[in-house]
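Take a look at the letters that make up each chain.
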Amino acid sequence: MHPEVAAYVLGVLDDADLQAFERHLDSCERCQSELRELQDVPDLLDDLKLQPSASEDDDPPISMSR
């Protein structure tokens, strides 16, 4: 995966890099495919921010147990 794809999805490219990546994206099917896979990530991250965090009294998930 190109790091620029993730940076593009998250909106962290500066203007010059954004323009260069968008030109590249026009002709790169691999990046277009990666972009489709990641397009929901910003919304998912926003949803996570809105979820209440676990309190210190809660037990961790079993997968995090030692």
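Everything that follows concerns the structure shown earlier in this document.
Criteria and cut-off values
Residues numbered from 1 in each chain as written. Predicted model: local features only at pLDDT ≥ 70, side-chain atom pairs only at ≥ 80, totals over all residues. Heavy atoms only, no water. Axes fitted to C-alpha atoms, helices over the stretch in contact; angles between N-to-C directions. Helix = DSSP H or I, 4+ residues; strand = E, 2+ residues; numbered from the N terminus. Left-handed = near helix turned anticlockwise from the far one by under 90°. Contact = heavy atoms within 4.5 Å. Nonpolar A, V, L, I, M, F, W, Y, C, P; charged D, E, K, R; others polar. Salt bridge = Lys/Arg side-chain N within 4 Å of Asp/Glu carboxyl O. Buried < 20%, exposed > 50% of the residue type's maximum accessible area, 1.4 Å probe, protein only. Phe/Tyr/Trp six-rings, centres within 6.5 Å; stacked < 30°, edge-to-face > 60°.

Draft legend 1. How the structure looks around the packing of helix α1 (residues 3-10) against helix α2 (residues 15-27). With their axes 11 Å apart at the nearest point, α1 and α2 run at an angle of 115 degrees to one another. Viewed along their axes, α1 and α2 form a crossing whose handedness is left-handed. Contact with α1, carried on its side by Glu 4, Val 5 and Tyr 8, involves Leu 18, Phe 21, Glu 22 and Leu 25 of α2 and no other residues of that element. The class makeup of the residues in the contact of α1 with α2 is 5 nonpolar, no polar and 2 charged.

Draft legend 2. Inspection of the pattern of salt bridges at higher detail. Applying the stated criterion to the full structure yields 1 salt bridge. The partner of Arg 30 in a salt bridge is Glu 34, and the shortest N-O contact between them spans 3.2 Å. Of this pair, Arg 30 and Glu 34 both sit in helix α3 (residues 29-38), separated by 4 residues, roughly a single helical turn. Note on Arg 30: relative accessible area 48%, which makes it partly exposed.

Draft legend 3. Seen up close, the environment of His 2. Its location among the elements puts His 2 in the segment before α1. For His 2, a relative accessible area of 26% corresponds to the partly exposed category. His 2 sits 32 residues away from Glu 34 along the chain, and the two C-alpha atoms are 8.3 Å apart.

Draft legend 4. Local environment of the packing of aromatic side chains. Within this structure, the stated rule accounts for 1 aromatic pair. Seen from their ring centres, Tyr 8 and Phe 21 are 5.0 Å apart, and the 45 degrees between their planes marks the pair as tilted. Of this pair, Tyr 8 sits in helix α1 while Phe 21 is found in helix α2, placing the two residues 13 residues apart along the sequence.

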